[in-house]
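The residues making up each chain are set out below.
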Amino acid sequence: MNKMMNLPPEAQKKIEAMMSQMPPEQREMFKKKLATMPPEQIKAMIQNLDQMTPEEKAAQKEKIKNMTPEQRAQMSRNEEMKRQMQAKMQEMAASGKGGGKPKAKDFSGTLKRLISYKEGMKPKFALVIVFSIIATGCTVLAPYILAKVLDIIQDKVVSGKDLNWTGIVRTLIVLGILYVLNTVLSMVQGRMITSVTQETMGQLRKDVNKKIMKLPFSYFDSNSKGDILSRITNDIDNIGNAFQQNAVQFIQNIVMIVGCIVCMFVLSWQLALLCLVTLPFTLICGRMIMNKSQNYFREQWKTLGELNGLAEEAFSGLNVIRAFGYEKNKTEEYFKKSEELYKSSRKAQFLSGIINPVSSVFNNIAYILICCVGAYFAITGSVSVGSITAMIQYQKQYSNPVTQIATVLNTLQSAVASAERVFELLDEKEEVETSDDYKTLDKVEGNISFEHLKFGYTPDKLLMTDINVDVKKGQMIAIVGPTGAGKTTLVNLLMRFYEPNGGQITIDGMNIRDMTRHDLRDIFGMVLQETWLFSGTIHDNIAYGKNGATEEQIKAAAKAAQVEFFFETMPDGYDTMLDEEASNISQGQKQLLTIARAMLADPPILILDEATSSVDTRTEAIIQQAMSNLLKGRTSFVIAHRLSTIKDADLILYMENGNIVEQGSHTSLMEQGGKYAELYNSQFAQD
Amino acid sequence: MLKLFKRYLKQYPGQVALIVFLTLVFTATTMILPKLSSPVIDAGTAGDTDSIVRYAIIMGVVVVIAVIAGVLNNYFISNVVMGTTRDMRNTLFERVISFSQEDENMIGTASLISRQSKDMLTLQMTLLQMFMMMLQAPLMCIAGIALALTTSVSLSWIIVVLLPLAAITMGIAIKMTQPIFRANQVKVDRVNGVMRETLTGMRVIRAFNREDYENRRFEDVSDDLTNNVKKGYKIMNLILPMIVFLANGSNLLILGFGADYMKKGLASYGDVQAFVQYTTMILMAFMLGSMFLMLMPNAQASAERINEVWDVVPSIKESSDPVKMPEVGNASIEVSHISYRFSGASQNVLTDISFSAKAGETIAIIGGTGSGKSTLLNVLCRNMDVTEGSVKIDGVDVRDTAQDDLKNHISLVPQKAFLFAGSIIDNIRYGKPDATEEEVRHALDISQSSEFVDKKEYGMYTYIAQAGTNVSGGQKQRLSIARALVRKADIYMFDDSFSALDYKTDAKLRGELAGELKNAVTIIVAQRVSTIKNADRILVLAEGKVVGDGTHDELMASNTVYREIAMSQLSESEVKGA
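Because the structure is predicted, anything quoted here is derived from the model rather than measured.

Caption draft 1: Structural context of the sheet that holds strand S11 (residues 651-656) of chain A. All names here are of chain A. Ordered in space as S6-S9-S10-S3-S11-S12, the six strands form an open sheet in which the pairing is mixed. Since the sheet does not close on itself, it has two edges, and those belong to strand S6 (524-528) and strand S12 (659-664), each with one partner. Averaged over all pairs of adjacent strands, the angle between strand axes in this sheet comes to 15°, irrespective of strand direction. Judged from the four bridges that link them, strand S3 (residues 476-480) and S11 form a sheet pairing that is parallel. Note on S11: the bridge partner recorded for isoleucine 477 is leucine 651.

Here is the structure:
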């Protein structure tokens, strides 16, 4: 928040006023965003806030009234686009993408950390550098030595004397040794850099995965899944590609350029200067074309994005398009965008494609100059013919690295920036330890009590101020209330996905902070509304509930969850593979599968968080029957929005704005005629 | 893949021919320079200044020709490549948009989207590289050999030795790396997939204490990927220095023997140095070609995925001699003994279902998850063709009429409310393209949308973002009902379309619907008994069969399945009172 201090006081006030209207989770996110936002963006945002005084709002309303329908539609579209654009910009700013080239904040520090990330990699990396310097050195020296051979030959041919065979053979042997050395070192170096890069990447990937398992849930509230996923995939890939190819290439390029230029000057400083004359032209010309094509590329990517959006929309809404016979309109729309894309990509491609032939002009001019001027010098005797051949080779060798080096450097920069993002994730705080001496419960009875529990997603704004509930073993507790009332939060605290800000929760008298999270979670079984299945067989997905479950136990659990028949009729039975989205079974079946999973776990305490909301009521009723068997003798917490399913609960907690407003049995709450009764009646309203 | 390209490149015969020609010119000019340099240097050694100037001019001309050819070539390549991708892209879209429900399910929406974007991009890149590299490589190689031969026949045996060696090395490299690269994408996808699962299932993973299991699962796929990549690079790391060594080795040979030949007068000094450059070029061509071939598996896979879309045989066939349906206003539906089975499945999804209805009647369909309700609707509006039996709408078998004609008689509210990017009014007009503002207003009123639409600053001109992200689920559902209502049809189908509405809005909406749709048949699929209580006829589906058929009262009295559903939802007084 240091940045805010730099803002004028009235701007600070405005931002604070805006934040006070946000729900706590959103505020946290906003704060984070603010921290990464460039100052200009913050200013623009404040200006946006400024624009809407009540009078202006009224004026705008009046304006809108007078607009034609087309203008209105256009205006609304523009605003929505602007809103989306801003959201995207903020997202990109937060994830470090966009806004031009990604720059690392601490280039050398991050680079050092990356190289020494995996044990034993640093010396290997040092060897890679040494080897590639030597190997490139060999390549640089070769033409120089070649020139010697040619000169010896030339000398004798011109003078008509006998060839100095020993001299030639000796130099050729030296040359041969250089070539062999180059080849061997390149091979060894390549192997080593592969192992360094790939091992490091693998380690990074695995460490990030492990880290994710240990991060507190608050981290996931303020960071999008897409962002985390992109760190583990795109960023790590980015690092890998850069180091596999560009790191070595960078070293080679430098050695090559310096080596070539030195050798050229040694051979003939006049020809070397002649050769360097064309270099600035190549660079400037390349840059000019590049800049121009950049605009077209930007347009191309924009159009491509729009086109893909169009296709995505059409493919997702295919059933609607079919139903209303809109195939032709959509096709026309697509074709039009497609044509636009064709036009912009053609231009972009053309411009970027001519860089090569155009810059080859300058290279060829240098080539011609060396040949002709060199030949002229040869007549005067100031340059040997061998030197000309060598010069031609040097000219070819050094011009490529020169054009490459800027790109290589950029890639390395962005790789280090990627590494920075990965390290940032690896350095996040993990779930806190809450005791030095964890205890275990030998036998779980299932008496639970919440005592003066306080909790807020941010400490300064409490959602729950004082929760007190006493649960006897074997009771069924229902938690009801409107969205955002804190029902799931209560369960999250019980499972220690979050830590309370005050008060405590005890199980059989033991504070849950005195148990390890692992031991605590062993006590619970959980079924969530989000039916999480992983790609694997049905069998594996059920078996997830319990380590080392037997075949019989799995089948029994499936039977209890009323899915036995269904799974047995699947083509491969329990071995049917579920794909990542589990699109081959219905939502209801997915839900039943997760119930089977919880049943298999056979825990002393059960939590059902909207577990049956995506199955139809009849199936729900059937599951309920099976559930009631499972729930017998166990303490259970049930969050439900269909009140018919929780009427029989021993204790119903009605929550609102984070606190328990009413608690009691169904009949007592109905008699009370409060909020619960109102909600119940509204669900079963007569029409 | 090549077949795919061939089919589309056929449309640009002139330009493709020009590209081949210009590539030839460009390659020839760049290769001719060394050829010209050899007499220059020879002239230098002979002290012939005039020849040097003459050759300098010739070389200058060659360079100019080269750049003109290069730029022109690039122009045509950009044209053809982008044009071809546009054509392929358009064909793909046209195909997909005409898919029936079943066709669509075969490949999957997510996959279709990625084929349209990712695979198309891969093909575009491949095509580009094909023209830029693949075309040049053989030309460079042939030209290199030809020039080398004309420069010095006596040195040419070195090329004869070199070529097979290079070819064998490359062949081995490609053969060994191809399966590795082919496997790579799958392995990358798997790593990403497991990671995505971990992120979405965080609560479940921790609740079940399965962190270690997940870590192991991830380690397995991650190590698998690492090993594969290492294997691929290992080969590449051997092959590339090897090729360089071949080039260098041939230089040694050329020099060694060249010196001898020069002495014997078989070759000039300039010949030897030009020869060195030609062999380097030939090997370069080999490298270019093999690099392209190594990239092939990726492109091949993309081409296969695109072809797969094209090869889908439409499951719905347009009647060859379509019967014209009567004008809208003679609503009736007659379903007799229909069954439906997915191709390849062993069991029916729907079995022997019959019912009929005429204008003003409401048919309700209720049943559990997976009982076949949505499939039934799909069959009725011919998104799928029945396996047995027949569906007649307004007296015409749906298979005998043109699909456009049929669709004009039906208005559907899908289960998943889907809106398009565009204004609210644009979205409503999907139902009836020429609907007036008044008609749209009326549809919004009936669907209970007006209350929230009017609150918006731009009213019905409010822009809906892609996939309707700026309206709530209930609002989306109401708008999609309005869209169906604006269309004047004979059959209105509501596929569980009231689920996201609160009970009050649901009741009010249905009240107004009855009056609105009195000249049409209404078919409602629902999960809530209260939604369908007043239907003229209720069909209870279970496992694709009708297990109950009658009015609410009849079913309550006689049908256990229906009663179970009702009991699980309605308060006791309601059940009794109804």
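Following the structure, the description resumes.
Caption draft 2: Structural detail: the interface of chain A and chain B. Taken together, the contact pairs 128 residues of chain A with 124 residues of chain B. It is helix H9 (residues 165-214) of chain A that contributes the most residues to the side of chain A that touches chain B, 21 residues altogether. Residue composition of the side of chain A that touches chain B, grouped by class: 63 nonpolar, 43 polar and 22 charged.

Caption draft 3: Summary view of the domain arrangement of chain B. Splitting chain B by domain gives domain 1 (2-310), domain 2 (322-409 + 490-578) and domain 3 (416-488). A straight line from the C-alpha centre of domain 1 of chain B to that of domain 3 of chain B covers 52 Å.

Caption draft 4: Structural view of the environment of asparagine 308 of chain A. Mapped onto the fold, asparagine 308 of chain A is located in helix H13 (residues 279-316). C-alpha separation for the pair asparagine 308 of chain A and isoleucine 212 of chain A, spaced 96 residues apart in sequence, amounts to 32 Å. Here asparagine 308 of chain A is in contact with Gln116 and Ser117 of chain B, once residues within four sequence places are set aside.

Caption draft 5: Fine view of helix H2 (residues 13-46) of chain B. Residue and element names in this part refer to chain B. Between its terminal C-alpha atoms H2 stretches 50 Å, which fits the 50 Å expected from 34 residues at 1.5 Å a residue. For H2, the principal kink sits at isoleucine 32 and spans about 25°; a proline, proline 34, occurs within the next four residues. Glycine 47 sits one or two residues past H2 and shows a positive phi near 80°.

Caption draft 6: Highlighting the packing of helix H11 (residues 225-267) of chain A against helix H7 (residues 157-200) of chain B. In the contact formed by H11 of chain A and H7 of chain B, the axes pass within 10 Å of each other and the chain directions differ by 145°. As H11 of chain A runs across H7 of chain B, the sense of the crossing is right-handed. Within the contact between the two elements, H11 of chain A uses Lys225, Ile228, Leu229, Ile232 and Thr233 of chain A and H7 of chain B uses Asn192, Met195, Arg196, Leu199 and Thr200 of chain B. The residue makeup of the contact of H11 of chain A with H7 of chain B, split by class, is five nonpolar, three polar and two charged.

Caption draft 7: Structural context of the nonpolar core. In this structure, Ile370 and Met391 of chain A together with Ile491 and Met493 of chain B are the most contacted members of the largest nonpolar core, which totals 247 residues. Leave out the neighbours within four places in its chain, and methionine 391 of chain A touches Met264, Leu267, Ser268, Leu271, Cys275, Ile370 and Gly374 of chain A. Within the second largest apolar cluster, 76 residues are counted, among which are Ile479, Phe534, Val563 and Ala640 of chain A.

Caption draft 8: Broad picture of the packing of H7 of chain B against helix H10 (residues 269-310) of chain B. All names here are of chain B. Contact geometry for H7 and H10: axes closest at 9 Å, N-to-C directions at 20°. Considered as vectors, H7 and H10 are oriented roughly parallel to each other. Once H7 is placed against H10, the crossing between them reads as right-handed. When H7 is examined against H10, the residues Ile159, Leu162, Ala166, Met170, Ala173, Ile174, Thr177, Gln178, Phe181, Arg182 and Gln185 are found in contact with a partner set consisting of Thr279, Ile282, Leu283, Phe286, Ser290, Leu293, Met294, Pro297, Asn298 and Ala301.

Caption draft 9: Spatial organisation of the environment of threonine 23 of chain B. Residue position: threonine 23 of chain B is located in helix H2. Sequence-distant contacts of threonine 23 of chain B, defined by excluding residues within four places in its chain, comprise Asn73, Leu135, Gln136 and Leu139 of chain B.

Caption draft 10: Structural detail: unusual backbone geometry. We note that aspartate 602 of chain A has phi near 50°; this positive angle belongs to a residue other than glycine. Inspection of the secondary structure assignment puts aspartate 602 of chain A in the loop between helix H23 (587-601) and strand S9 (605-609). Positive phi, close to 65°, is recorded for glutamine 448 of chain B, a residue that is not glycine. Within the fold, glutamine 448 of chain B resides in the loop between helix H14 (437-446) and helix H15 (450-453).

Caption draft 11: Layout of the sheet that holds strand S12 (residues 545-550) of chain B. Residue and element names in this part refer to chain B. Strand order in the open sheet formed by six strands is S6-S9-S10-S3-S11-S12, with mixed pairing between adjacent strands. For this open sheet the edge positions go to strand S6 (410-413) and S12, each flanked by a neighbour on one side alone. Pairwise comparison of adjacent strand axes, ignoring direction, gives a mean angle of 15° for this sheet. Pairing analysis gives five bridges linking strand S3 (residues 362-367) to strand S10 (residues 521-526), with the strands arranged parallel. Counterpart to isoleucine 363 in the pairing with S10 is isoleucine 523. Strands in contact with helix H11 (residues 373-380) are S3, strand S9 (491-495), S10 and strand S11 (537-542); relative to S9, the strand with the most contacts, it is inclined by about 155°.

Parameters and conventions
Residues numbered from 1 in each chain as written. Chains lettered and ligands numbered in written order. Predicted model: local features only at pLDDT ≥ 70, side-chain atom pairs only at ≥ 80, totals over all residues. Pairing = 2+ DSSP bridges. Helix = DSSP H or I, 4+ residues; strand = E, 2+ residues; numbered from the N terminus. Axes fitted to C-alpha atoms, helices over the stretch in contact; angles between N-to-C directions. Contact = placed C-beta atoms within 7 Å. Nonpolar A, V, L, I, M, F, W, Y, C, P; charged D, E, K, R; others polar. Domains from an automatic or database assignment. Expected span 1.5 Å × (residues − 1). Bend = angle between axes of the 7 residues up to and from the residue. Left-handed = near helix turned anticlockwise from the far one by under 90°. Core = buried A, V, L, I, M, F, W, Y, C linked by C-beta atoms within 7 Å. Buried ≥ 20, exposed ≤ 12 C-beta atoms within 10 Å, placed from the backbone. Parallel < 35°, antiparallel > 145°, perpendicular 65-115°, else oblique.

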